[in-house]
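# Chains, contacts and geometry: an overview
Listed below, chain by chain, are the residues.
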Amino acid sequence: MAWVKERHGARGTTYTGCYRDPDGRERSAGSFPSRREALRAAHREEQRVLSGSWHDASQGENTFFDYVEKEWLPHKHLEVTTRASYVSYLNKQFYPAFGKKKLNKISPMVIQDWVTTAYDEGLSPRSIKKYHVFLSSIFRRAVRDRVLVYNPCDHTELPKVIARKSRTLTPEEFERLVAAVPVQYRLMLETFIETGMRWGELIALRPRHIDFLRRTISVEETIVETSKAHSPTGERFIVKPYPKSNEPRTFGVRQAWLDAIAEHMRVKEIGRDDLLFTTKVGTPISRNSFRTRVWLPAVQASGVDFPVRVHDLRHAHASWLLAGGSDLESVMDRMGHHQIQTTQKYLHALPDADQKNLHALEAVHRRS
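The structure contained in this document is the topic of the report that follows. Because the structure is a prediction, the values reported are computed rather than measured.

## Description of the sheet that holds strand β4 (residues 210-211)
Spatially, β4-β5-β8 is the arrangement adopted by the three strands of the open sheet, whose pairing is antiparallel. Strand pairing shows two members of the sheet lacking a second neighbour, β4 and β8 (249-252), which therefore form its edges.

Set out below in structure tokens:
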């Protein structure tokens, strides 16, 4: 129930309209020369509280930097690598642009100006979209917290993102790549193509995760690599008990791969709880170091004519399975996808896929 407080001062009597915010705290709707005006203002604010449209205007006076650092970021439950990426986005893009601005002064025009400037300075449409999604999530939280009444990122005009034409590594190209890497890394690459595992899952692989009798492998751990500055433990490599999906998964592997792994374990004297693939001193392999020192030179030496990444071996695994006749659902389970749409993107498959379509079409015409 709204009410009025009467105040007497040197300049006469004023009336302050009062109401309670959604948390039950007393709020002022402003001071007025008459009781009627004060009560009317208090009723307006009270109706906003009841309708859910009320916001804390005083909080909008906080700077973007203060809101993100004190309210938004501390309450995000993030993976170590995700948090590091978010901090990088903020330091590179948004603190320089918006850090000192008050939240309620960051209008849609201000956001649009940032997009236009970023594009003019050479930031790609794909990167602009990624950053914009991130920025919008901050303001969406501010609206939810009743700090702002609207999200200034809504309806921003973004540059068009042209879909990349993806290409899948062929078995012949993969063999050329394997031949181009140093011998000590060849089984690791063959494991990527055999299992379709993510980088962190594969470098966390240990003999205890392999069932040689049932010919299966279980993905139960992952290793996250981050800078020591962003690590909660101060360590560069952090072992987590579950992979990205937070659920261990088990799938079959071929006997030839199991034989190669068994020989690798025997020669390297790898124990049940040791990592299968490590550096020469037994530490986890750094993704970036592997990419620059091993992978990129091998891609160049192999003659593969497109910029294939290590992660593309996972794509190739899924595409080869689908091209070979596997069904979407079984591939989805094997890859650890939560949505079948994620698996469907691998149906673009191999370069000769369309040629198979033409052969099928020709066969139908011959029968007619």
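## A few points about the packing of helix α6 (residues 171-180) against helix α7 (residues 186-195)
Two numbers describe how α6 lies on α7: the axes approach to 9 Å, and their chain directions differ by 155°. When the axis of α6 is compared with that of α7, the two are roughly antiparallel. Of the two possible hands of crossing, α6 and α7 adopt the one that is right-handed. In this structure, α6 contributes Phe 174, Val 178 and Ala 179 to the contact, and α7 contributes Arg 186, Leu 189, Glu 190 and Ile 193. By residue class, the composition of the contact of α6 with α7 is five nonpolar, no polar and two charged.

## A closer look at the nonpolar core
If you look at the biggest cluster of nonpolar residues, it comprises 43 residues, and the most contacted ones within it are Leu 169, Met 188, Leu 189, Phe 290 and Trp 295. Counting 27 residues, the second-largest nonpolar core is a separate cluster that includes Tyr 67, Ile 106, Trp 114 and Leu 135.

## Section: unusual backbone geometry
At Arg 146, a residue that is not glycine, the phi angle is positive and equals roughly 65°. Here Arg 146 lies in the loop between α5 (125-144) and α6. In this structure, His 155 is a non-glycine residue whose phi angle is positive, near 70°. Mapped onto the elements of the fold, His 155 is located in the loop between α5 and α6.

## Regarding the sheet that holds strand β3 (residues 26-32)
Whenever strands of a sheet pair, they do so through backbone hydrogen bonds, lying parallel or antiparallel. Read across the open sheet, the three strands follow the order β1-β2-β3; overall the sheet is antiparallel. The outermost strands of the open sheet, each flanked by one partner alone, are β1 (3-9) and β3. For this sheet, the mean angle separating the axes of adjacent strands, direction not counted, is 30°. Sheet topology note: the strand β2 (residues 12-20)/β3 ladder contains six bridges and is antiparallel. Bridge pairing in β3 links Gly 17 to Gly 30. Its contacts with the sheet place helix α1 (residues 35-51) against β1, β2 and β3, and it is angled at close to 15° to β2.

## Focus: helix α10 (residues 287-302)
Its maximal kink placed at Trp 295, α10 deviates by approximately 35°, while the proline Pro 297 follows within four residues. Taken residue by residue, α10 has Phe 290, Val 294, Trp 295, Ala 298, Val 299 and Ser 302 as its buried positions. Tucked into the core, α10 has its buried residues touching α6, α7, α8 (199-203) and α11 (312-323). Looking at the residues trailing α10, positive phi occurs at Gly 303, about 85°.

## Concerning the pattern of salt bridges
Scanning the entire structure with this criterion turns up 24 salt bridges. A salt bridge links Arg 141 to Asp 145; the shortest N-O distance between them is 2.8 Å. In this structure Arg 141 comes out as buried when scored by relative accessible area, which is 15%. The closest approach of N and O atoms between Glu 201 and Arg 198, which form a salt bridge, is 2.7 Å. No difference in accessibility class separates Glu 201 from Arg 198, as the two residues are buried. Put simply, Arg 206, Arg 208, Glu 221, Arg 272 and Asp 273 are held in one network by salt bridges that share partners.

Scoring rules and cut-offs
- Residues numbered from 1 in each chain as written.
- Predicted model: local features only at pLDDT ≥ 70, side-chain atom pairs only at ≥ 80, totals over all residues.
- Heavy atoms only, no water.
- Pairing = 2+ DSSP bridges.
- Helix = DSSP H or I, 4+ residues; strand = E, 2+ residues; numbered from the N terminus.
- Axes fitted to C-alpha atoms, helices over the stretch in contact; angles between N-to-C directions.
- Parallel < 35°, antiparallel > 145°, perpendicular 65-115°, else oblique.
- Left-handed = near helix turned anticlockwise from the far one by under 90°.
- Contact = heavy atoms within 4.5 Å.
- Nonpolar A, V, L, I, M, F, W, Y, C, P; charged D, E, K, R; others polar.
- Core = buried A, V, L, I, M, F, W, Y, C linked by side-chain atoms within 4.5 Å.
- Buried < 20%, exposed > 50% of the residue type's maximum accessible area, 1.4 Å probe, protein only.
- Bend = angle between axes of the 7 residues up to and from the residue.
- Salt bridge = Lys/Arg side-chain N within 4 Å of Asp/Glu carboxyl O.

It is worth stressing that arrangement in space is one thing and function is another; only the former is reported here.
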